[in-house]
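Coordinate inspection notes
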Amino acid sequence: MDYLVHHMLRNSAQRLPDKEALVHGQQRLTYQELLHRVEALAAGLRNAGVKRGDRVGIYLEASVSQVISIFAVSRAGGVFVPISSELFPEQVCHIVRDCGMKALITSASRATELASSLAAISTLEFVVTVGAGTPDLKLPVYAFDHLLETSLDQTRPDAAISKDLAAILYTSGSTGKPKGVMLSHANVMAGATIVSTYLGITEKERILAVLPFSFDAGLNQLTTAIQQGGTIVLIKFMFGREVVNKLIEEKITGLAGVPTVWSLLAQPNSGLHKQRLPDLRYITNTGGAMPQAVLKVLRELLPTTNIVLMYGLTEAFRSTYLPPEELDRRPTSMGKAIPDTEILVINEHGQECKAGEIGELVHRGPTVSMGYWGNPEATAKVLRPNPLARPELGDQERVCYSGDLVKKDEDGFLYYVGRRDTMIKCSGHRISPTEVEEVLFQSGQLRQAAVIGVPDEVMGQAIKAFVVARDGSPVDVPKLLEHCGARVPRYMVPRMIDVLDELPKTTSGKVDYPALRRREGL
């Protein structure tokens, strides 16, 4: 029985030891080979000091080492914290500091970049480096390959249970700093089981992972493949044709993406127009609505491929999906609840909305997270008692309030309306305006800055900044964009910047964001 994350790998290795499990470039590992490396690294991590519940960061690009690390941290009894390879040192160090990280697995070059910052984080006890080089970190450094040689003479039994914390996925919050969403072993495995059920994933699946494992939908690609005994193929790409070539070379059967990925593949230069993909059984979209023009192109180019539109949030993993047979009738719908899950649409009075009435999407089911790490106040805002529960029967279940406004039709299919708060959802990433504003201010050019999301057909929302120059000096917009590009990932760089004399204010002196949205006709 699998009740911990690494049990998915163990069980598949027992059933299919010689089956190809993991592919990256020229590297190909069977389930037995992958399991052996995971067990060795787990033993090495325990010898280095990882104990049950310790947080271990994984700051690596898509690689065999990254996958081994995820399952090894679980096997060692720790909590894995995948960190996007696109993040900059300051953002990485916030995550390390925020969750009290004990160890960090990263490349030798990245460790060198982080050296001065990591030295000031008291909880961090050691670093594991992948690749050549030994950075001077003023704390113990272990070579990843050396830990893989750890003896397995004494195999330690598991101590954790399924309700224990397995992973922390960081997502931006309204306060400007990313918050860590806590997922139990049960959460992660329920997500894998549920998605495998409605997508029909089996051991025959070959899934191409284009989404990062620090993103809930990306992590789910890995867990569904491993749980079912399929094959996960890793890729780092810049151009659509690289993805198309890999789909053909590896006979990929399943692919998940965000709208920007699909827009890239729908372009003529991706090569998708010239290729047949008879092996591609399904594709899934998440992280925002797929533009209808893109959906139309994909349906024409992939006539035998099922297209499944999905919706989810990190705090509850997956929530809804639209069966492919409903695309013709409801191309803009989010679908209905995933299996073993109930989706409620609740109005401001805590009552269930009628058809056509706009309310907040509330998720009930086994994938509802454990809340935010070290932030009970934020947790209490998102995870609340079920508004339809019967306390007299002892029902104290917590459900997830998404902050997303939706409505349902007469048949119960859901449609996205907008965000309740000010978060920007761009290319599958949730972005805090405050975090972008902070980077803008750091340029030294500005006296004021405010950021909002504006509609974008490809990205869902694009970032627009309104700025006021410091001391009346002219704002050098190209230099300001260059400043942002050097400090935050590309998806967090404003697409548009308007220079104003003053920002609109409320009577209390705060920036009037609604006025800025009205200025844009929103």
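Here is what the cut-offs are and how they apply
- Residues numbered from 1 in each chain as written.
- Predicted model: local features only at pLDDT ≥ 70, side-chain atom pairs only at ≥ 80, totals over all residues.
- Heavy atoms only, no water.
- Phe/Tyr/Trp six-rings, centres within 6.5 Å; stacked < 30°, edge-to-face > 60°.
- Helix = DSSP H or I, 4+ residues; strand = E, 2+ residues; numbered from the N terminus.
- Buried < 20%, exposed > 50% of the residue type's maximum accessible area, 1.4 Å probe, protein only.
- Lys NZ or Arg CZ within 6 Å of the ring centre and 35° of its normal.
- Core = buried A, V, L, I, M, F, W, Y, C linked by side-chain atoms within 4.5 Å.
- Contact = heavy atoms within 4.5 Å.

Here the focus is the packing of aromatic side chains. Per the counting criterion, the structure on display carries two aromatic pairs. Measuring from centroid to centroid gives 5.4 Å for F126 and Y142, while their planes differ by 90°, and the two rings are edge-to-face. Within this pair, whereas F126 is found in strand 6 (residues 126–130), its partner Y142 is found in strand 7 (residues 141–143), the two being separated by 16 residues in sequence. Of the residues examined, F126 reaches a relative accessible area of 1% and is grouped as buried. Considering the side-chain rings of Y198 and Y321, the 4.1 Å spacing of their centres and the 10° angle between planes classify their relative orientation as stacked. With Y198 in helix 7 (residues 185–199) and Y321 in strand 15 (residues 317–322), this pair connects stretches of sequence that are 123 residues apart. Y321 matches Y198 in its accessibility class, with the two residues each being buried. Above the ring of F239, the side-chain terminus of R241 is found at 4.8 Å from the ring centroid. Residue placement shows R384 over the ring face of Y401; its charged tip is 3.8 Å from the ring centre.

Moving on, we get to the nonpolar core. Proteins that are soluble and globular tend to have nonpolar side chains buried together. In terms of nonpolar packing, the biggest core is built from 78 residues, with L34, L45 and L222 touching the most fellow members. Here the element with the most residues in this core is helix 2 (residues 31–48); it accounts for eight residues. Beyond its immediate chain neighbours, meaning those up to four positions away, L222 contacts V67, I70, F71, F213 and I232. Among the nonpolar cores identified, the runner-up in size contains 56 residues, and Y59, I83, C99 and L137 belong to it.

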